[in-house]
Amino acid sequence: MSEERTLNFLEQIVEEDIANGVNGGRVLTRFPPEPNGYLHIGHAKSICLNFGLAQKYNGKTNLRFDDTNPVTEDTEYVDSIKADIQWLGFNWAQELYASDYFEQIYNFAVQLIKKGLAYVDDSTAEEIAISKGTPTEPGKGTPYRNRSVAENLDLFERMRKGEFKDGEKVLRAKGDLASPNMHMRDPIMYRIKHAHHHRTGDNWCIYPMYDFAHGQSDSIENITHSVCTLEFIPHRPLYNWFIEQLGIFPSHQYEFARLNLTYTVMSKRKLLQLVNEKHVTGWDDPRMPTISGLRRRGYTPASIRAFCERIGVQKRDNMIDVSLLEFCIREELNKTANRVMAVLDPVKLVITNYPADQVEEMTAENNPEDPNSGTRTLPFSNTLYIEREDFMEEPPKKFFRLGPGLVVRLKNAYIIKGEGFEKDADGNITTIYATYFPESKSGGDTTGLNVKGTIHWVSAAHAATVEVRLYDRLFKVEDPGSEEGDFKSYINPDSLQVISNAYVEPSLLKAKPGERFQFLRKGYFCVDTDSTAEKVVFNRTVTLKDTWAKEAKKG
RNA sequence: UGUCCUAUAGUAUAAUGGUAGUACAUCUGAUUUUGGUUCAGACUGUCUAGGUUCGAAUCCUGGUAGGACAACCA
């Protein structure tokens, strides 16, 4: 119940509006994705913001697809977007589409033509661009700027009827060609696209531009707070101008800084490239910063919401350290994920003084952080697999694991002492030999031995074989987008390591896709949707914090 | 060299004219049958120069730096 966090600047605006009785204290936000790609963690920030604002102030949030460009949009994206928002834990008041308003927006355009504030321009895209001038020189306009209202009305109607080809004509607002704001220099309102729309089919061949659809849609829905990202700041005067000239409900636009994350890219264009050029397996590849990728990677909705809460909201450009995201998922999984033993890079360990035909059932805690998680049993025998990195032939001083003469605790079992090992012709260790202390069994240790290290293991005869996919950051550099040349040349070639034969506790054979575990000392893992009856596949969500790895790196 | 936005520790984010705080990251130490967790501690900051004020991160002015804007994309 401790709501100690101070208000972010948008919450302050909303609270002021409520205090001043703006809109009668009503709060209605919207989340307006364009259905031309999958949602990513940056969208999650916007979703948490828009839905969060409404939740906090007894308001509602509409889901509105900004589907004004039929050539890039698709129902596949609509479906994935809806699924992702719901998975994140948010419910929209209404599912709406800008295309629902095409007739209304068309009428708005006619209204502006009649007021002498819009005209049909026959110029080419190049001609229009040139006639707009530059940020430092005013625009000159085109010869079509002074057509009569009647002619504009006629032409616009014929545009709708399909009498013209793509690009032949556009409808433009009559703004201010000398404005220092380029968006006010006669922005295009409608363009001709003889294209099939995912919802309106072939009903239309003219489509409104963002600037003549977004604010209008906001207004039609009576959105009170229209929250978008910084790049729309220069559009705001135009947003307000249209609303004022049309005399419609005055929605207000507010802007915040989009999320940037280290070691990844966030633009839909770049993500699409990664997918199309097969640098990843798809939009939901666990290395992708998409919601579907993070879900498959093992991230939880709560962890993503916690992340969005921690990063805050402001108007300055930012670059969030991906370690914060990792912290958020570890924080949750530490409390909720059951611990299991899995050996990813196995080497055989034989306990020479343990009876070869004996099998003991060892008791293990499922989760020391959760007293209600219970215990399970594990088969123990004289031949085990342990992690190859847990043995060193010539261990340095601070190596608290196994080596010749070193003692170590086998988690949930006995203390053992390294005795010897065998190597193959290439010098790789093939088998390690150790002896155990019979009186050192977990829970009943009477040896008084003080061992510094504990390692995990599985019994060779009882182990199940699974596939494990180890993911690392997708890019080698913090900000691939700002580096020289093609961002794809900074892709991390080691972002995926597949281990097709890892040994795990037999119980994991029953694990279902989406189930999460902590592989003791190795990290958090999630069962992948690629799992079959023959082979269970685990994705590594994130490693555990590893202070030994840091120590070892120091040399 | 136009207009707009922004500037607080390595990264984010508070302090709303009155003790610059929090988180992540980094580093110590303690505890630990996970080199995990937990706990204790350390480190590092108001872009700059003036001004207003008893008092400025906060208000004003001038610099500087970063970002956005000239798509028939959103």
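Residues numbered from 1 in each chain as written. Chains lettered and ligands numbered in written order. Predicted model: local features only at pLDDT ≥ 70, side-chain atom pairs only at ≥ 80, totals over all residues. Heavy atoms only, no water.

1. Looking at the overall build of chain A
Part 1: When helices and strands are tallied, chain A shows 13 helices and 25 strands.
Part 2: Its C-alpha atoms give chain A a radius of gyration of 31 Å, clearly above 24 Å, the size a compact globule of 555 residues would have.
Part 3: C-alpha atoms of chain A, sized along the principal axes, occupy 100 × 55 × 45 Å.
Part 4: Surface accessibility of chain A: about 25,500 Å² in total, with carbon and sulfur atoms responsible for 48%. (Helix = DSSP H or I, 4+ residues; strand = E, 2+ residues; numbered from the N terminus. Rg over C-alpha atoms; globule rule 2.2 N^0.38 Å. Areas by Shrake-Rupley, 256 points an atom, 1.4 Å probe, with all protein chains shown as cover.)

2. Brief notes about the protein's contact with RNA strand B
Part 1: Close to RNA strand B lie 66 residues; Gln12, Met319, Arg339, Ser442 and Arg521 are nearest.
Part 2: Sugar and phosphate atoms form 66% of the subset of RNA strand B atoms that lie within 4 Å of the protein.
Part 3: The contact in question runs from a phosphate oxygen of RNA strand B to an N or O atom on the side chain of Thr68, over 2.6 Å.
Part 4: Interatomic distance of 3.4 Å between a backbone N/O atom of Pro135 and a base nitrogen of RNA strand B.
Part 5: Here the residues of the surface near RNA strand B sort into 23 nonpolar, 21 polar and 22 charged. (Near = heavy atom within 4 Å. Polar contact = N/O pair within 3.5 Å; in protein donor to acceptor, adjacent residues only side chain to side chain. Nonpolar A, V, L, I, M, F, W, Y, C, P; charged D, E, K, R; others polar.)

3. Structural notes on the nonpolar core
Part 1: By size, the foremost hydrophobic cluster in this structure holds 37 residues, and its most contacted members are Ile41, Ile47, Ile85, Leu261, Ile304 and Phe307.
Part 2: For this core, the secondary structure elements donating two or more residues are helix H2 (41-56), strand S2 (60-65), helix H3 (75-88), helix H10 (291-297), helix H11 (301-311) and helix H12 (322-336).
Part 3: In this structure, this core is formed jointly by two domains, domain 1 (9-256) and domain 2 (268-338 + 466-554), each of which donates at least three residues.
Part 4: Sequence-distant contacts of Ile47, defined by excluding residues within four places in its chain, comprise Phe31, Leu39, Gly52, Ile85, Leu88 and Phe90.
Part 5: Core analysis: the next-biggest nonpolar cluster, separate from the first, contains 36 residues, Leu117, Leu155, Phe164 and Leu238 among them. (Core = buried A, V, L, I, M, F, W, Y, C linked by side-chain atoms within 4.5 Å. Buried < 20%, exposed > 50% of the residue type's maximum accessible area, 1.4 Å probe, protein only. Domains from an automatic or database assignment. Contact = heavy atoms within 4.5 Å.)

4. Topic: the pairing of strand S22 (residues 496-504)
Part 1: As paired strands, strand S11 (residues 342-343) and S22 are joined by two bridges and run antiparallel to one another. Note that in S22 the partner of Val343 across the bridge is Tyr503.
Part 2: Note: strand S21 (residues 464-471) against S22, seven bridges, orientation antiparallel. What sits directly across from Val468, in S22, is Ile499. (Pairing = 2+ DSSP bridges.)

5. Topic: the sheet that holds strand S10 (residues 338-340)
Part 1: Here seven strands make up an open sheet; going across it, the order is S10-S23-S24-S25-S21-S22-S11 and the pairing mixed. Two strands close off the open sheet at either side, each with one partner strand: S10 and S11.
Part 2: Judged from the three bridges that link them, S21 and strand S25 (residues 537-542) form a sheet pairing that is parallel. Within the sheet, the bridge partner assigned to Arg469 lies in S25 and is Asn539.

6. Overview of the sheet that holds strand S3 (residues 95-97)
Across a sheet, strands are paired by hydrogen bonds formed along the backbone, either parallel or antiparallel in direction.
Part 1: Strand order in the open sheet formed by three strands is S1-S2-S3, with parallel pairing between adjacent strands. Strand pairing shows two members of the sheet lacking a second neighbour, strand S1 (28-31) and S3, which therefore form its edges. For this sheet, the mean angle separating the axes of adjacent strands, direction not counted, is 35°.
Part 2: When S1 meets S2, the two strands line up parallel, connected through four bridges. Opposite Thr29, over in S2, you have Thr61 as the bridge partner.
Part 3: Across the sheet, H2 touches S1 and S2, and the angle it forms with S1 is around 160°.
Part 4: Taken strand by strand, H3 contacts S1, S2 and S3, and its axis lies near 160° from that of S2. (Axes fitted to C-alpha atoms, helices over the stretch in contact; angles between N-to-C directions.)

7. Looking at the domain arrangement of chain A
Part 1: Entries for chain A in the domain assignment read domain 1 (9-256), domain 2 (268-338 + 466-554) and domain 3 (342-456).
Part 2: Between the C-alpha centres of domain 1 and domain 2 there is a distance of 36 Å.
Part 3: When domain 1 packs against domain 2, close to 2,100 Å² is buried across both sides, 71% of that on carbon and sulfur atoms.
Part 4: The salt bridge partner of Arg295 is Asp84, with a shortest N-O separation of 2.9 Å.
Part 5: Between the two partners, domain 1 and domain 2, sit six residue pairs in polar contact (both at pLDDT 80 or more).
Part 6: For the side of domain 1 that touches domain 2, the secondary-structure elements that each account for two or more residues are helix H1 (9-19), H2, H3 and strand S9 (252-256).
Part 7: Broken down by element, the side of domain 1 that touches domain 2 gets its largest block of residues, six residues, from H2.
Part 8: Here the side of domain 1 that touches domain 2 is composed, by residue class, of 16 nonpolar, four polar and four charged. (Buried area = accessible area lost by both parts, 1.4 Å probe. Salt bridge = Lys/Arg side-chain N within 4 Å of Asp/Glu carboxyl O.)

8. Let's talk about helix H4 (residues 102-114)
Part 1: Over its 13 residues, H4 runs 18 Å from end to end, which matches the ideal 18 Å to within 8%, given 1.5 Å per residue.
Part 2: By the burial criterion, the buried members of H4 are Phe102, Ile105, Tyr106, Phe108, Ala109, Val110, Leu112 and Ile113.
Part 3: Downstream of H4 by a residue or two, Gly116 has a phi angle that is positive, lying close to 75°. (Expected span 1.5 Å × (residues − 1).)

9. Focus: the pattern of salt bridges
Part 1: Inspection of the entire model under this criterion finds 37 salt bridges.
Part 2: In this structure, Asp186 and Arg145 form a salt bridge, with 2.6 Å as the shortest nitrogen-oxygen distance. Of this pair, Asp186 sits in the loop between strand S5 (170-173) and strand S6 (188-192) while Arg145 sits in the loop between helix H5 (125-131) and helix H6 (149-161), and the two are 41 residues apart along the sequence.
Part 3: Overall, the relative accessible area of 0% leaves Asp186 in the buried class.
Part 4: A relative accessible area of 18% means that Arg145 is categorised as buried.
Part 5: The partner of Arg158 in a salt bridge is Glu163, with the nearest N and O atoms 2.6 Å apart.
Part 6: The partly exposed category is assigned to Arg158, whose relative accessible area is 27%.
Part 7: Taken together, the shared-partner salt bridges in this structure form one network comprising Asp284, Arg296, Glu467, Arg469, Asp528 and Asp530.

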